[in-house]
Amino acid sequence: MLIAAGGALGSILRYWVGSTIAGRMGIRFPYGTLVVNLTACVIIGFTLTYLGRRADLSPAWRFLIPIGFIGAYSTFSTYEWETLSTMRSGAFALAAGYAVGSLVLGLAATWCGTLLGEVL
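Residues numbered from 1 in each chain as written. Predicted model: local features only at pLDDT ≥ 70, side-chain atom pairs only at ≥ 80, totals over all residues. Heavy atoms only, no water.

**Comments concerning the overall build of the protein**
Along its length, the protein carries 5 helices and 0 strands. The linear arrangement of helices and strands in the protein, starting from the amino end, is α-α-α-α-α. In terms of principal-axis extent, the alpha carbons of the protein reach across some 55 × 40 × 30 Å. Put simply, the protein has 120 residues, and 22% of those count as buried. Across the protein, every contact between residues at least 6 apart in sequence was considered, and the portion connecting residues at least 24 apart equals 58%. Of the accessible surface of the protein, which amounts to about 8,200 Å², a share of 73% is contributed by carbon and sulfur atoms. Of note, the protein has its 7 positive side-chain charges centred 10 Å away from the centre of its 4 negative side-chain charges. (Helix = DSSP H or I, 4+ residues; strand = E, 2+ residues; numbered from the N terminus. Buried < 20%, exposed > 50% of the residue type's maximum accessible area, 1.4 Å probe, protein only. Contact = heavy atoms within 4.5 Å. Areas by Shrake-Rupley, 256 points an atom, 1.4 Å probe, with all protein chains shown as cover. Lys, Arg positive; Asp, Glu negative; His and termini not counted. Charge placed at Lys NZ, Arg CZ, Asp CG, Glu CD.)

Put into structure tokens, the structure is as follows:
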């Protein structure tokens, strides 16, 4: 239930932030998505660090905020968190491979999905 509640809040906020910024700045460049992704990175970095150091807080907060809320708000922050965590463990080549692979393969997968959508 906590994941669902966080997800509902995250998706509503994503829509509101994205549409508000697009309404003010236009849609020629995806400013709304950029702001959503960057704020999600700040939120996930803060919450996972803070919750990781606060043993007195209920583990349920890890479901509500990082998984539910941020998961619906933006998955880009999870990608960045995993890349940073891999780098901090000293596995720089693995982190670089994940970052570049996610970008290149993600673009390729998006292109393939677009082609499939055009064919069907």
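**Things to note about the environment of threonine 39**
Looking at the element boundaries, threonine 39 is found in helix H2 (residues 31-53). As a C-alpha pair, threonine 39 and glycine 97 span 58 residues in sequence and 24 Å in three-dimensional space. Polar side-chain contacts of threonine 39 include one of 2.7 Å to the side chain of tyrosine 73. (Polar contact = N/O pair within 3.5 Å; in protein donor to acceptor, adjacent residues only side chain to side chain.)

Keep in mind that these numbers describe shape and distance, not what the molecule does.
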